[in-house]
Amino acid sequence: MKQIHHWIDGSFTAGAANRTGPVYNPATGRQTGEVVLGTSGDVDVAVGAAARAYESWQHSSLSQRQNIMFAFRELVSARKREIAETLTAEHGKTVDDAMGEVQRGLEVIEFACNIAHLLKGEYSEQVSTGVDTYTIRQPLGVVVGITPFNFPAMVPMWMYPISIACGNTFVLKPSEKDPSTSQLAAEMLAEAGLPDGVFNIVHGDKEAVDSLITHPDVAAVSFVGSTPIARYIYETGTKHGKRVQALGGAKNHMIVLPDADIDLAADAAVSAGYGSAGERCMAISAVVAVGDAGDRLIDGVQSRIEKLNVGPGDQPGVEMGPLVTKQHLDRVRGYVDAGEKEGALLIADGRNFVVDGYEEGFFLGPTLFDRVEPDMSIYTDEIFGPVLSTVRMEHFEEAIDLINDNPYGNGTAVFTNDGGAARKFQKEIQVGMVGINVPIPVPLSFYSFGGWKNSIFGSHAIYGPEGVHFNTRQKVVISRWADPIHRGVDLGFPTHN
Ligand code: NAD
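Owing to the predicted nature of the structure, the values given are computational and were not obtained by experimental measurement.

Q: Please explain the site of the ligand as it appears in this structure.
A: The full set close to the ligand counts 27 residues, and Thr147, Lys173, Glu176, Ser226 and Glu382 are the nearest of them. Contact distances for the ligand include 2.8 Å between an oxygen atom and a backbone N or O atom of Thr147. Here the ligand has 840 Å² of accessible area as a free molecule, and 88% of this is covered by the chains. Among the detected pockets, the ligand sits in the largest pocket. Secondary-structure elements contributing two or more residues to the shell around the ligand are α7 (206-214) and β11 (220-224). Partitioning the shell around the ligand into residue classes produces 14 nonpolar, 9 polar and 4 charged.

Here it is as structure tokens:
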């Protein structure tokens, strides 16, 4: 059985933990590894290493930091397939999908290679006679990242490349369900020349997380995960004086208007609904069919999902893999039971889906509901599985109101050929990331990623320019180097002349 250890101060260590967590291959259902679950003592050691490393790393030159990111970028690019396969073996998504995930992470590393551009300050000469004013952006200190299971390579890469390139040191607490990709990142960062202690990993669950978000030597916390935990991290971290950004869960809607290209919309609904078995924070989980779009759309989605190839993510040609754990599979099945009981029309039922030779795997076939009502649990809750709900609405305005009334606001999309309708949607919708004929509107690395409402707590979105702002603080300098004008003591508030 593979043993997965912390990475602290440049080496792997089991730490003081007397507890471990199981890691499974979701396709076979078998346990393949054991991850140490860190104690508050382990957190102390990791934060201590990061705090010591910060003493020198904060003074490292911009070119040194960028060169290390360049070297890291080359290593990740060269080992992309290995990272993807490692990820598939613990998460279950297809290797192709995992390659896409690593690619999106790589783009954030590339952004960090050019961080200098965003660390430039502003300068105003002669704000007063002989006085200049300028700003500098400086790092915060020890930054913590706490990440979810569904993007074990990409989401940590949304955080640490930018944080480290800004001059911070970092402690990552990856998901305990699929921790091995982070181990590869640690090795590659060391090989790229990152000094010991600048990047550390503490594995674990609530015990490690609670110690990290309350630790006096931690300056800031980036979190990505479900909404209840995001809210808890935000409230606890800020109460302990930390800067916190906490991205939460989602319920992403896709409106299909009657004038839309229905084939395009059906392709998009299936890709965004069932890709990664629905375990994406940007997955479409509710399709809102307006007017007579409904029947045509349901036919299109149904005929497509019948042809989906579901199986182990490491097999060629497979399009959708299993869910991450047995516990999660049972939870998603429970939602399908509830939807049926509450009266939604079950068009495709994936509950008894079995893959030959993988009978113990955590598989659920693509599941489709029609005639879903907004008070049903399959609509109100984030299911995080391959279950797509269709809500029927008479008018576009009702569909917009439905989305705006939803407590989540991560991503959304409209499918239409009417530019006026698209513009109205973009203007009025209360959601942070909007797609127009694009089902999963994930911004590229030079923009920032973040939803609204209960999909984010804190004022900064993640990566891109907002990531740089989150990971630095501004200092304003007002300096006088001209011949001093001696005006004597003046207790009045300074004014300029
Ligand atoms: P999760 O909230 O269960 O776990 C996220 C992290 O929090 C993990 O590292 C976990 O160990 C830790 N954690 C879990 N319970 C905790 C507790 N009680 N106290 C302290 N720490 C705890 O999320 P998950 O199941 O790993 O990931 C799926 C969720 O993440 C979904 O809700 C999904 O929408 C969300 N997500 C959001 C985004 C986004 O950008 N908004 C991106 C990816 C995933």
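Q: Just checking my understanding: could you explain helix α6 (residues 180-191) for this structure?
A: Between its terminal C-alpha atoms α6 stretches 17 Å, which fits the 16 Å expected from 12 residues at 1.5 Å a residue. Counting buried positions along α6 gives 9 out of 12 residues, so the element sits mostly inside the fold. Along α6, the positions that sit buried rather than exposed are Ser180, Thr181, Ser182, Gln183, Leu184, Ala185, Ala186, Met188 and Leu189.

Q: So what exactly am I meant to see when it comes to the pairing of strand β16 (residues 367-370) here?
A: Looking along a regular strand, one sees the side chains alternate between the two faces of the sheet. Burial along β16 is two-sided: Thr367 and Phe369 and Leu368 and Asp370, pointing in opposite directions, are all buried. Taken together, the 3 bridges between strand β15 (residues 345-348) and β16 define a ladder with antiparallel strand orientation. Its bridge partner lying in β16, Leu345 is registered against Asp370. Pairing geometry for β16 and strand β17 (residues 387-393), over 3 bridges, is parallel. Pairing of Thr367 across the sheet is with Val387, part of β17.

Q: Would you mind going over the layout of surface pockets with me for this structure?
A: If a probe the size of a water molecule is rolled over the atoms, the empty space left behind becomes visible. Of the voids in this model, the largest pocket is the one considered here, and its volume is about 870 Å³. Surrounding the largest pocket, 39 residues form its lining, Pro148, Lys177, Gly225, Ser226 and Ile229 being those nearest its centre. Its residues placed into classes, the lining of the largest pocket shows 19 nonpolar, 12 polar and 8 charged. If you count residues domain by domain, the lining of the largest pocket takes at least three from each of domain 1 (2-248 + 455-477) and domain 2 (252-436).

Q: Even after reading the chapter, I still don't get helix α9 (residues 262-274), so can you show me in this structure?
A: Turn by turn, an α-helix covers 3.6 residues, leaving residues three or four places apart pointing in a common direction. Compared with an ideal rise of 1.5 Å per residue, which puts 13 residues at 18 Å, α9 spans 18 Å between its outermost C-alpha atoms and is within 8% of the ideal. Considered for burial, the residues of α9 that qualify are Ile262, Ala265, Ala266, Ala268, Ala269, Val270, Ala272, Gly273 and Tyr274. Residues of α9 that are buried make contact with β13 (252-256), β14 (284-290), α10 (293-306), β16, β17 and β19 (411-415). The distance from a side-chain oxygen at the start of α9 to the backbone nitrogen of Asp263 is 3.1 Å, and the residue carrying that oxygen is Asp261. Taken from the residues just after α9, Ser276 is the one with a positive phi, measuring 55°.

Q: Honestly, the domain arrangement of the protein in this entry has me stumped. Any pointers?
A: Frequently, the measure chosen for interface size is the accessible area removed from exposure when the parts meet. Considered domain by domain, the protein is made up of domain 1 (2-248 + 455-477) and domain 2 (252-436). One C-alpha centre belongs to domain 1, the other to domain 2; they are set 31 Å apart. Between domain 1 and domain 2, the contact holds 19 residues from the first and 24 residues from the second. Across the domain 1/domain 2 interface, buried area totals approximately 1,700 Å², and carbon plus sulfur atoms make up 63% of it. Run the count over domain 1 and domain 2 and you get 1 salt bridge. Between Asp97 and Arg280 there is a salt bridge whose closest N-O contact spans 3.0 Å. Across the contact surface, domain 1 and domain 2 share 6 residue pairs in polar contact (both at pLDDT 80 or more). Of all the secondary-structure elements, those providing two or more residues to the side of domain 1 that touches domain 2 are α3 (80-91) and α4 (95-113).

Q: What exactly am I supposed to notice about the sheet that holds strand β1 (residues 2-4) here?
A: Sheet strands pair by backbone hydrogen bonding; their relative direction is either parallel or antiparallel. Here we have 3 strands laid out as an open sheet, ordered β1-β5-β4, and mixed in their pairing. Both edges of this open sheet fall to β1 and β4 (20-25), since each of them pairs with a single strand only. Adjacent strand axes in the sheet meet at a mean angle of 30° when their direction is disregarded. Together, β1 and β4 form the strand contacts of α3, whose direction differs from that of β4 by roughly 105°.

Q: Explanation requested: the packing of aromatic side chains in the structure shown.
A: Both the distance between ring centres and the angle between the ring planes are used here to describe each pair of aromatic rings. Using the criterion set out here, one finds 13 aromatic pairs in the structure. Between the aromatic rings of Phe72 and Tyr160, the centroid separation amounts to 6.1 Å while the plane-to-plane angle is 55°, which identifies the pairing as tilted. Of this pair, Phe72 sits in helix α2 (residues 62-78) while Tyr160 sits in helix α5 (residues 154-165), and the two are 88 residues apart along the sequence. For the residue pair Phe72 and Tyr160, the accessibility class agrees, reading buried in each case.

Cut-offs and rules
Residues numbered from 1 in each chain as written. Predicted model: local features only at pLDDT ≥ 70, side-chain atom pairs only at ≥ 80, totals over all residues. Heavy atoms only, no water. Near = heavy atom within 4 Å. Polar contact = N/O pair within 3.5 Å; in protein donor to acceptor, adjacent residues only side chain to side chain. Areas by Shrake-Rupley, 256 points an atom, 1.4 Å probe, with all protein chains shown as cover. 1 Å grid on protein atoms, 1.4 Å probe; cavity = no way out; pocket = protein on both sides within 12 Å on 5 of 7 lines; lining within 4 Å. Sits in = over half its atoms within 2 Å of the grid points. Helix = DSSP H or I, 4+ residues; strand = E, 2+ residues; numbered from the N terminus. Nonpolar A, V, L, I, M, F, W, Y, C, P; charged D, E, K, R; others polar. Expected span 1.5 Å × (residues − 1). Buried < 20%, exposed > 50% of the residue type's maximum accessible area, 1.4 Å probe, protein only. Pairing = 2+ DSSP bridges. Points joined across faces, edges and corners; volume = space filled by probe spheres on them. Domains from an automatic or database assignment. Contact = heavy atoms within 4.5 Å. Buried area = accessible area lost by both parts, 1.4 Å probe. Salt bridge = Lys/Arg side-chain N within 4 Å of Asp/Glu carboxyl O. Axes fitted to C-alpha atoms, helices over the stretch in contact; angles between N-to-C directions. Phe/Tyr/Trp six-rings, centres within 6.5 Å; stacked < 30°, edge-to-face > 60°.

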